[in-house]
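Take a look at the letters that make up each chain.
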Amino acid sequence: MPAALECPLKWFLASAQGAPGAGQAQQLGTLVHAIAEHHPHGPLEDMLEELETHWDQLGHDDSTWVGRRAHEHARAVVCALADYVDTVPGAVTTEVRVDVPLGDLVVGGSIDRLEVVDEGVRVVDLKTGKHPGAKDSGEDHPQLATYQVALLAHGTSVAGARLVFLGNEKVERREQSALEGDHLDQWRPVSGLLPRLHP
C-alpha cells in the first residue's frame, strides 16, 4: 500500500508487468497467459498442444540439458494451470481490459480471468513467477484492488480477487477479500485513480 500511495504509476506498471522483461522467462509467461486465455476451462491436452505448437518461438535448444529442463518446466507450469482451471466450474471471461487515468497518461492493463461464483465475479491474476510471497500478501495487492475498484465502479458484484502463482509447478493462491467498508475506502482515493473498464 505505501508504494501505491507514493508512486501510483510505478506500482501499477510493475504489478501489471509493465516493467522490463526477463527474456525467456517473460516469453514463457506470455505464452502461458495466451494458453489460459484460449482455454479458460482446459482441457490439459489442448493446453499442452498449444504449448508445443509455439515452443520453438521461445528459443530454447532442446538438445541441451538446459533446454530440456526449460521444456519440462513449461509443461509443468501448464499442468498446474490446468489443475487450477479444473477447480473453476462456472463461466469465465478472459482478458478484460482496464484503463487507469494517471494525470495526462492512461495506463492499461487486463484482468486475466473473471470467474463467476455464487457471490458475483472473482478477479484472478495469473503469475508464472516462483515467489508468491507471504500467505497474506494478496490482501494489500494494488493491482487486485485496482481491478476490484474498476468493477465496483461499473456496478459489478465482486466476490474478491486472487493471485494464482504457477511458477513452482503447482498452484499457489494469494487471496484478497472483497473490498467493502473501510477496506474499499482505503483504495478509492489512491492518487485519484478512477479505473475504466472495457467489457
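Rules and cut-offs
Residues numbered from 1 in each chain as written. Predicted model: local features only at pLDDT ≥ 70, side-chain atom pairs only at ≥ 80, totals over all residues. Heavy atoms only, no water. Helix = DSSP H or I, 4+ residues; strand = E, 2+ residues; numbered from the N terminus. Buried < 20%, exposed > 50% of the residue type's maximum accessible area, 1.4 Å probe, protein only. Contact = heavy atoms within 4.5 Å. Areas by Shrake-Rupley, 256 points an atom, 1.4 Å probe, with all protein chains shown as cover. Core = buried A, V, L, I, M, F, W, Y, C linked by side-chain atoms within 4.5 Å. Arc of directions from axis to C-beta.

*Asks:* Before we move on, can you summarise the overall build of the protein chain with the specific residues and values?
*Replies:* The secondary structure content of the protein chain amounts to 7 helices and 6 strands. Sequence-ordered secondary structure for the protein chain, helices as α and strands as β, is α-α-α-α-α-β-β-β-α-β-β-α-β. When burial is assessed residue by residue, the protein chain has 46% of its 199 residues classed as buried. Sequence-distant contacts, at least 24 apart, represent 66% of the contacts inside the protein chain between residues at least 6 apart. Carbon and sulfur atoms make up 52% of the accessible area of the protein chain, which amounts to about 10000 Å² in all.

*Asks:* Describe the nonpolar core, naming the residues involved and giving the relevant values.
*Replies:* Grouped together as the largest cluster of nonpolar side chains are 25 residues, with contacts concentrated most on Val-32, Ile-35, Leu-51, Val-78, Leu-81 and Leu-166. Of all the secondary-structure elements, those providing two or more residues to this core are helix H3 (24-38), helix H4 (44-54), helix H5 (65-85) and strand S3 (120-127). Discounting chain neighbours no more than four positions away, the residues touching Leu-51 are Leu-31, Ile-35, Ala-74, Arg-75 and Val-78. Val-98, Leu-144, Ala-150 and Phe-165 belong to the second largest nonpolar core, which has 14 residues in total.

*Asks:* Explain H4 to me, and be specific about the residues and the numbers.
*Replies:* Along H4, the residues that are buried comprise Met-47, Leu-48, Glu-50 and Leu-51. Looking straight down H4, one finds that the buried residues subtend no more than 155° of arc, so they occupy a single side. Exposed side of H4, more than 90 degrees from the buried face: Glu-45, Glu-49 and Thr-53 are the residues found there. Packing partners of the buried residues in H4 comprise H3 and H5.

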